[in-house]
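Topology and contacts: notes
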Amino acid sequence: MPSHLFADRPAQPPEPGSVDALISQTRRLRGEVDAVRRDTVVDDDDAQGRWQRALCDLAVHHLDDLREHLGQLKEGLPAAPEPVELPQVAPEAGLEAQTRVGSAEWNLLTDEVSWSEELFQIFGRSPESGALPLDELGSTLFSEDQPLLTAWVTACLVDGRPIDGEFRIVRADGRVRTLHMRGEPVLDSDGCTASMWAVLRDVSELRRSQRAVRESRDSLQRRREIAQTERRLAVELQEAVLPPWRGSLRFPYGSAGTLDVAAHYLPSATSALIGGDWYDALELPDGCSMLTVGDLTGHGVTATSGMAMMLGALRGMAMAGIEPGPLMGWLNQLLETSVQPALGSAVCCRYDPERKVLSWAQAGHPAPLLFRRGSGRSLLPPEGVLLGATSGASYGQAEESLEVGDLLVLHTDGLTPRSIEFSRADGTERLLALAPRFSAARSAQECVRIVIEEFGESEREDDACVLVARIGG
């Protein structure tokens, strides 16, 4: 029997329209093979012709499969939060050199059995050991597959039904292979079954690849479902924890004037996950106001739950009258003892409207920006390391005198994109360059919109918060 040649070439990325072209070529090739199959004349004694006819049947079967797979490739998969690499399935050593298709014929009248050389290779038998008769073929199969083969052979020999199915064999060397068998009975002049021929193909690698794709697809689907659930929970938790006010907030201080506050949360431009950024403004019992922004490392439910813990503690300590510097020290100790280890940065401000003095502390965070009469500058930061980085760290506290019309901008690191080309200082300079526009704005909310216009379309890898406070007379 002739061997089949497999011309493999390296896979190349599909170009636009190439999949459509492949589908058209497959459809055309399928029609041509089907025409050859119909024109093939098979005599009862022509084993070569029957083998060729069976190969045509097999080719048509796999061309149909190929067209279906190309159609799936054209449709593509839905977009995922994060890309997933499919496992590479390596063929077993030495199998590349083996022929994957072999043929056999079992003569019922003479008990002769004829196997092609390729079939001996598939079963791992030497030609000297001889071909297996039908009643011994089942001994090579998995026990649960033996009844299938028995039923197929019986239906073929008794009822004349063609065989088209798969079973697993255990070779003499212990390797398990999956074979696809197609066969038909051969009738004599009286219409009785004289023999049975079959073409068997080793589809082990194909089925292993299909199983890997199926398992990877199921795993991908599970990961997507988990990611969707986690995002929903994180969003719900974030909405429950962040201030109930949205947009702007005004603190009236009577004769001491007002404090106009506005804030906004900007989601990441590249990630579907929610981070641990927060902002808040709170009127305190002694008449002062608390302003804060901060960020915890990580994303998802873990980050938002940690943010909820930190913001809750910060609110409670501020309401209890703890100054920003000592407050940061307590937050650091809280983060050290939390179940989920994390790092955080934060800035906390306490504004006294009677004295018009801002007391503030920071923990590894960008300093507030002060805008006055059309120009801006960054406040000189007091000492302060990242929250959770050092046990027993102390945090300094600074004061800044404010005037009516002054504007404060607090933001988290993710607002300005940082890379090799852009540093934190570059982002600060971009914010300071907005001073003339801030000076012309009529409210804190309008200033927030200016910041969003400047940074809202940036390719941020992290989410961010911005808070603006204007001192009113």
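Residues numbered from 1 in each chain as written. Predicted model: local features only at pLDDT ≥ 70, side-chain atom pairs only at ≥ 80, totals over all residues. Heavy atoms only, no water.

This next bit is on the environment of Leu 327. Assignment of secondary structure puts Leu 327 in helix 8 (residues 324–336). A residue is classified by how much of its surface remains accessible, and Leu 327, at 0% relative accessible area, is buried. Sequence-wise, Leu 327 and Ala 313 are 14 residues apart; in three dimensions their C-alpha atoms are separated by 9.3 Å. In this structure, Leu 327 is in contact with Leu 314, Met 317, Ala 318, Ile 322 and Cys 348, ignoring residues within four places of it in sequence. (Helix = DSSP H or I, 4+ residues; strand = E, 2+ residues; numbered from the N terminus. Buried < 20%, exposed > 50% of the residue type's maximum accessible area, 1.4 Å probe, protein only. Contact = heavy atoms within 4.5 Å.)

A few words now on the sheet that holds strand 10 (residues 344–352). As summarised here, the arrangement of the five strands in space is 8-9-10-11-14, forming an open sheet in which the pairing is antiparallel. Edge positions in the sheet fall to strand 8 (275–283) and strand 14 (398–401), since each of these pairs with one other strand and no more. Between one strand axis and the next, the sheet turns by 15° as a mean value, whatever way the strands run. Of the pairings in the sheet, the one linking strand 8 to strand 9 (residues 289–299) comprises nine bridges and is antiparallel in character. If you follow Asp 277 over to strand 9, its bridge partner there is Asp 295. (Pairing = 2+ DSSP bridges. Axes fitted to C-alpha atoms, helices over the stretch in contact; angles between N-to-C directions.)

Moving on: the pattern of salt bridges. Opposite charge on two side chains permits them to pair, given that their charged atoms come into close proximity. Across all of its chains, the model carries 21 salt bridges by this definition. Two residues, Asp 173 and Arg 171, come together in a salt bridge whose shortest N-O distance is 2.7 Å. Across the salt bridge formed by Glu 446 and Arg 442, the nearest N and O atoms sit 3.8 Å from each other. Accessibility expressed as a relative area gives 23% for Glu 446, which makes it partly exposed. Among the residues examined, Arg 442 registers a relative accessible area of 74% and is labelled exposed. Within this structure, Arg 177, Asp 202, Glu 205 and Arg 208 form a network of salt bridges that share partners. (Salt bridge = Lys/Arg side-chain N within 4 Å of Asp/Glu carboxyl O.)

Now for the packing of helix 6 (residues 204–241) against helix 7 (residues 300–319). Running from amino to carboxyl end, helix 6 crosses helix 7 at an angle of 10°, the nearest separation of the two axes being 8 Å. If you check the angle between helix 6 and helix 7, you find them roughly parallel. Contact residues: Glu 230, Leu 233, Ala 234, Leu 237, Gln 238 and Val 241 in helix 6; Gly 300, Val 301, Thr 304, Ser 305, Met 307, Ala 308, Leu 311 and Arg 315 in helix 7. (Parallel < 35°, antiparallel > 145°, perpendicular 65-115°, else oblique.)

Looking now at helix 6. Given a rise of 1.5 Å per residue, 38 residues ought to cover 56 Å, and the 55 Å separating the end C-alpha atoms of helix 6 matches this to within 8%. Within the span of helix 6, buried status applies to Ser 204, Glu 205, Ala 212, Ser 216, Leu 220, Arg 224, Ala 227, Ala 234, Gln 238 and Val 241. Considering only its buried residues, helix 6 is in contact with strand 4 (176–187), strand 5 (193–202), strand 7 (258–266) and helix 7. (Expected span 1.5 Å × (residues − 1).)

At a minimum axis separation of 10 Å, helix 7 and helix 8 run at an interaxial angle of 145°. For helix 7 against helix 8, the interelement crossing comes out right-handed. Residues Met 309, Met 310, Ala 313, Leu 314, Met 317 and Ala 318 of helix 7 touch helix 8, and the partners they reach there are Leu 327, Trp 330, Leu 331, Leu 334 and Leu 335. Broken down by class, the residue content of the contact of helix 7 with helix 8 amounts to eleven nonpolar, no polar and no charged. (Left-handed = near helix turned anticlockwise from the far one by under 90°. Nonpolar A, V, L, I, M, F, W, Y, C, P; charged D, E, K, R; others polar.)

Here we take up the packing of aromatic side chains. Per the counting criterion, the structure on display carries four aromatic pairs. Here the aromatic rings of Trp 152 and Phe 167 are separated by 6.4 Å at their centres, their planes lie at 45°, and the arrangement is tilted. Placement of Trp 152 in helix 5 (residues 146–159) and of Phe 167 in strand 3 (residues 163–170) is noted, with a sequence separation of 15 residues between them. For Trp 152, a relative accessible area of 22% translates into the label partly exposed. The class of Phe 167 is buried, set by a relative accessible area of 1%. An aromatic cluster is built from Trp 115, Phe 120 and Phe 123, whose rings are joined through pairwise contacts. (Phe/Tyr/Trp six-rings, centres within 6.5 Å; stacked < 30°, edge-to-face > 60°.)

Another aspect to go through is helix 11 (residues 444–455). Over its twelve residues, helix 11 runs 17 Å from end to end, which matches the ideal 16 Å to within 8%, given 1.5 Å per residue. Residues of helix 11 that are buried include every one of Ala 444, Cys 447, Val 448, Ile 450, Val 451 and Phe 455, and no others. The buried residues of helix 11 all sit within an arc of 155° when viewed along its axis, so they share a single face. (Arc of directions from axis to C-beta.)

So, about the environment of Glu 399. As for its placement among the helices and strands, Glu 399 is situated in strand 14. Residue classification places Glu 399 among the exposed positions, given a relative accessible area of 53%. If we ignore the near neighbours within four places in the chain, the residues touching Glu 399 are Arg 355, Val 357, Leu 358 and Ser 359.

The next thing to look at is unusual backbone geometry. Unusually for a residue other than glycine, Asp 111 sits at a positive phi of about 65°. Inspection of the secondary structure assignment puts Asp 111 in the loop between strand 1 (101–107) and strand 2 (113–115). A relative accessible area of 65% means that Asp 111 is categorised as exposed. Unusually for a residue other than glycine, Lys 356 sits at a positive phi of about 50°. Position of Lys 356 relative to the elements: it lies in the loop between strand 10 and strand 11 (357–363).

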